[in-house]
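In case you want the letters, here they are:
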Amino acid sequence: MGSHRLGRSGQQGTRAVKSGIAVKLGLLLAVVGLLASGLTGYYAYDVSRGQLVQSAKNELLTSTSGLARRIALARDEISRNLQVLSSHPSALSVLQKPGLAQEEQLATLFKLMMEANPGYFQVRLISAADNGMERVRVDRDGAQLVRVTGDELQEKGHFPYVSDTLKMASGGIYLSRIDINHERGAHEGQEQPTVRLAAPVTDRKGQVLGAVVINIDLNRTFKQIASNLPKDTQFFLTNRDGDFLIHPDNSQTFGFDKGRRVLVQDEFPATRSLLESEFDQVVFEAAQGRYADAPVVAAFVGNKVRATSDETRLILGLAQPLSAIVAQADQLGLAILQIVGGFCLACILLATFVARAVTKPIDSMSSAAQRFANGYEIDGLPVDRKDEIGVLARSFSQMQAQIKQQLTALQDSQKNLEHLALHDMLTGLPNRRLFHERLEQAVERGRRNGERFALLFIDLDNFKDINDQLGHEAGDAALKEIAQRLATATRKVDTVARLGGDEFVVLLNNPADRRQIASIASQLLDCMQSPIPFGPLSMRVSFSIGIGQYPDDGDTASGIISSADHAMYLAKTDGRNGFRFCSGDTVSEPLFD
């Protein structure tokens, strides 16, 4: 009896020891699993968050650079409009032989220009005589365009944008400092942020008789340029000294006009190197000062002013809340936390009963998670298991797919931005920047290998009539169709690009001879013989082509463009809807034998 009791007691003690070892081993494995999964999850989250922030920085810098290019294109467009106005015969006629008819004709031209460009506050013709007296002036006043005459015309010779412009040669462009317009009687533009662009008006001898000045609505212009930015993106613009000209908080702008200085280097110390010209661009995280409670990621670039100006450099910046950027990382962190929690639970349950059997799957999972944290693909996961380990493996696989999808989306977004920066948004053709890159490459090949090429400069005939009579929607439809026909009528090795407005170019790569160039030009003219449908209507469009050849008509990119542009104007002089070579007759021999 006593012996029986002793046997039962020993069995119970053995079971107690075995149970204690199993519990301890299970607890040990569970603790190890908890630590391994927690650290792995944290490391994966930290790496993923860093990748998202870095990708956002790259995308923000790309957006800032693209915005700077848009600003440069807008400035070039204004410069072209100035060249048109300053070279118009009416401007010279008003300055040489003032008369009501000439002034009225020029005022009408000014109004047409302002109707086409809502961002223009004023357009003025200012004489070099009489202390810079305004001769013709049109102001924007709300929805109206006001012709200012008589005693309301003012002397402006003491302003730098007049005096400095009158010292320039023909074709020059002057850009004023960006400031608040305090000139009296400026209608809608008075007391508003303004920048003035001016061009001299010269006679045939090159003597400067006056200047055409355009006052630009800074807020409207930059709001339009930045209209496609995400709503939570903050936009900044400063002058060369760092004074804020555009800021999300309007009270921080034009501090120098109020007797104080509000500088970008004080708000963002990282921009000091940009202002000191050590770098052309900076990207950083700001979490101090006014951004202590709401940190941001910011990108700033320096944009050189390509015009005669005291404003030699503008600093452009974009910023996004860091919280918006890491929102995806927070979602990923929650998913990782859920996965780690499930993993820990699976470790505890399995370690209690089958500690030895669970060791291998845990090692496999830990290794896979470490590979994922180091940027490698997760492979060898036991996704086919029906237990908690299988659930965890599938969760890790899903997590990898989510991260890859998010990174792919970011990369696609960056590729789209790069494509938009190099292609025209309306027609999809290469834009001015991409065309100039390919033209420079063609010039370099020509210098290196002796390859020849031709440039066809195309300007639509009376395209403004379509916009005026049928509206800009019809004009856009016509431009899209013209772009498609030009692309169809040319070879794949050639480049068809839109420079802007109604100007197109075709870069013919290594044409056989002058006959082939003329044949291609004829095909381009023929492709516009059929009308362009627009709803129930149809539009007939023609264009004039100027042809420049390398190296006969120029051995540089700017030279060949100038030659082709000159030939285009000769084609228009000949009656439009035709083409002209820069040198020689239109076609010096028959096109076909």
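Residues numbered from 1 in each chain as written. Predicted model: local features only at pLDDT ≥ 70, side-chain atom pairs only at ≥ 80, totals over all residues. Heavy atoms only, no water.

Peer 1: Help me get a handle on the overall build of the protein chain, residues and values and all.
Peer 2: If you tally the helices and strands in the protein chain, you get 15 helices and 20 strands. When burial is assessed residue by residue, the protein chain has 46% of its 593 residues classed as buried. Long-range pairs, those at least 24 residues apart, make up 62% of the contacts in the protein chain with a sequence separation of at least 6. (Helix = DSSP H or I, 4+ residues; strand = E, 2+ residues; numbered from the N terminus. Buried < 20%, exposed > 50% of the residue type's maximum accessible area, 1.4 Å probe, protein only. Contact = heavy atoms within 4.5 Å.)

Peer 1: So what's going on with the confidence of the model for the protein chain? Which residues, and what values?
Peer 2: When the pLDDT values of the protein chain are averaged, the result is 84; 84% of them are 70 or greater. Averaged pLDDT values for the elements of the protein chain fall to 67 in helix α9 (residues 327-373) and rise to 96 in strand β20 (residues 579-581). Ignoring residues within four places in sequence, the model shows residues 2-11, a span with pLDDT below 50, making zero contacts including any to other chains. Here residues 586-593 is a poorly scored stretch, pLDDT under 50, and it has 16 contacts once near neighbours within four places are set aside; other chains count. (pLDDT = per-residue confidence, 0-100.)

Peer 1: Hey, could you go over the environment of Ile 178 for me, with residue numbers and the actual values?
Peer 2: Along the chain, the position of Ile 178 falls in the loop between β4 (174-175) and β5 (179-180). On the basis of relative accessibility, which here comes to 6%, the residue Ile 178 falls in the buried class. Placed 38 residues apart in sequence, Ile 178 and Ile 216 show a C-alpha to C-alpha distance of 9.7 Å. Ignoring sequence-local partners within four residues, the contact set of Ile 178 consists of Thr 194, Val 195, Leu 218, Leu 245, Phe 254, Phe 256, Glu 311 and Leu 314.

Peer 1: Please set out the pattern of salt bridges residue by residue, giving values where relevant.
Peer 2: Where charged atoms from two side chains of opposite charge come close, those side chains can pair. For the coordinates displayed, the defined rule picks out 29 salt bridges. The shortest N-O distance in the salt bridge between Glu 451 and Arg 445 comes to 3.5 Å. Since its relative accessible area comes to 27%, Glu 451 is described here as partly exposed. Under the relative-accessibility criterion, Arg 445 is labelled partly exposed at 26%. Because the salt bridges share partners, they merge into one network encompassing Arg 124, Glu 134, Arg 137, Asp 139, Lys 156, Asp 179, Glu 183 and Arg 196. (Salt bridge = Lys/Arg side-chain N within 4 Å of Asp/Glu carboxyl O.)

Peer 1: Could you give an account of the pairing of strand β6 (residues 193-202), with specific residues and numbers?
Peer 2: For β6, the buried fraction is high: 10 of the 10 residues fall into the buried class. With two bridges connecting them, β4 and β6 associate as antiparallel partners. Residue Leu 175 lies in a different strand from β6, and its bridge partner there is Leu 197. Across two bridges, the pairing between β5 and β6 is antiparallel. When the sheet's bridge partners are listed, Ile 180 is paired in β6 with Pro 193. Across nine bridges, β6 lies against strand β7 (residues 208-217) in antiparallel orientation. (Pairing = 2+ DSSP bridges.)

Peer 1: Tell me what's going on with the packing of helix α12 (residues 463-470) against helix α13 (residues 472-489), and back it up with residues and numbers.
Peer 2: The interhelical angle for the contact between α12 and α13, taken along N-to-C directions, is 140°, at an axis separation of 6 Å. What the angle tells us is that α12 and α13 run oblique. Between α12 and α13, the residues in contact are Phe 463, Ile 466, Asn 467 and Leu 470 and His 472, Ala 474, Gly 475, Ala 478 and Leu 479, respectively. Along the lines of polarity and charge, the residues of the contact of α12 with α13 split into six nonpolar, three polar and no charged. (Axes fitted to C-alpha atoms, helices over the stretch in contact; angles between N-to-C directions. Parallel < 35°, antiparallel > 145°, perpendicular 65-115°, else oblique. Nonpolar A, V, L, I, M, F, W, Y, C, P; charged D, E, K, R; others polar.)

Peer 1: Could you give me a rundown of α12, with the residues and numbers involved?
Peer 2: Restricting attention to buried positions, one finds in α12 the residues Phe 463, Ile 466 and Asn 467. Around the axis of α12, the buried residues are gathered within 95° of arc, so they sit on the same side. Of the exposed residues in α12, the ones pointing more than 90 degrees away from its buried face are Asp 468 and Gln 469. Residues of α12 that are buried sit in contact with β14 (453-460), α13 and β18 (537-539). The positive-phi residue at the C-terminal boundary of α12 is Gly 471, with phi of around 100°. (Arc of directions from axis to C-beta.)

Peer 1: I'd like a rundown of the sheet that holds strand β19 (residues 543-550), residues and numbers included.
Peer 2: With respect to topology, five strands assemble into an open sheet ordered β15-β16-β14-β19-β20, the strand pairing being mixed. Bordering the open sheet on either side are β15 (495-500) and β20, each of which pairs with just one other strand. Looking at each pair of strands side by side, their axes are set apart by 20° on average, direction ignored. As paired elements, β14 and β19 share eight bridges and run antiparallel to each other. Among the inter-strand pairings, Leu 455 is bridged to a residue of β19, identified as Gly 548. Against the sheet, helix α15 (residues 557-573) contacts β14, β19 and β20, and its axis sits at roughly 145° relative to β19.

Peer 1: Can you tell me about unusual backbone geometry, naming the residues and giving the values?
Peer 2: With an omega of 0°, the peptide bond running from Tyr 550 to Pro 551 counts as cis. For Asp 130, which is not a glycine, the phi torsion comes out positive at approximately 55°. Note on placement: Asp 130 falls in the loop between β1 (120-127) and β2 (134-141). Judged by its relative accessible area of 46%, Asp 130 is partly exposed. Look at Arg 576: it is not a glycine, yet its phi comes out positive at around 70°. On the secondary structure map, Arg 576 appears in the loop between α15 and β20.

Peer 1: Help me get a handle on the side chain of Thr 495, residues and values and all.
Peer 2: Residue position: Thr 495 is located in strand β15. Under the relative-accessibility criterion, Thr 495 is labelled buried at 8%. In this structure the side chain of Thr 495 is engaged in a polar contact, spanning 3.3 Å, whose partner is the side chain of Arg 438. With residues up to four places along the chain from it excluded, the contact list for Thr 495 reads Pro 430, Arg 438, Val 505, Val 506 and Leu 507. (Polar contact = N/O pair within 3.5 Å; in protein donor to acceptor, adjacent residues only side chain to side chain.)

Peer 1: Describe the sheet that holds strand β13 (residues 313-321), and please don't skip the residues or the numbers.
Peer 2: Pairing in this open sheet of five strands is antiparallel, and the strands run β9-β8-β13-β11-β10 from one edge to the other. Two strands close off the open sheet at either side, each with one partner strand: β9 (244-246) and β10 (281-286). Each neighbouring strand pair of the sheet contributes to a mean axis angle of 25°, computed without reference to strand direction. Here β10 pairs with strand β11 (residues 296-304) via six bridges, running antiparallel. In the sheet register, Phe 284 faces β11, and the bridge partner there is Ala 298.

Peer 1: Requested: an account of the packing of aromatic side chains, with residues and values cited.
Peer 2: Any two aromatic rings considered together are summarised by their centre-to-centre distance and by the angle between their planes. Scanning the model with the defined rule gives 12 aromatic pairs in all. On the numbers, 5.1 Å between centres and 20° between planes, the contact of Phe 268 with Tyr 291 is stacked. Of the two residues, Phe 268 sits in the loop between α6 (264-267) and α7 (272-275) while Tyr 291 sits in the loop between β10 and β11, which places them 23 residues apart along the sequence. Both residues of the pair, Phe 268 and Tyr 291, belong to the buried class. Geometrically, the ring pair formed by Phe 268 and Phe 300 is tilted, given 5.4 Å between the ring centres and 50° between the ring planes. Of the two residues, Phe 268 is situated in the loop between α6 and α7 and Phe 300 in strand β11; the sequence distance between them amounts to 32 residues. Judged by its relative accessible area of 1%, Phe 268 is buried. Grouped by ring-pair contacts, the aromatic residues Phe 236, Phe 244, Phe 268, Phe 284, Tyr 291 and Phe 300 constitute a single cluster. The residue whose ring lies beneath Arg 514 is Phe 581, and the NZ or CZ to ring-centre distance is 3.8 Å. (Phe/Tyr/Trp six-rings, centres within 6.5 Å; stacked < 30°, edge-to-face > 60°. Lys NZ or Arg CZ within 6 Å of the ring centre and 35° of its normal.)

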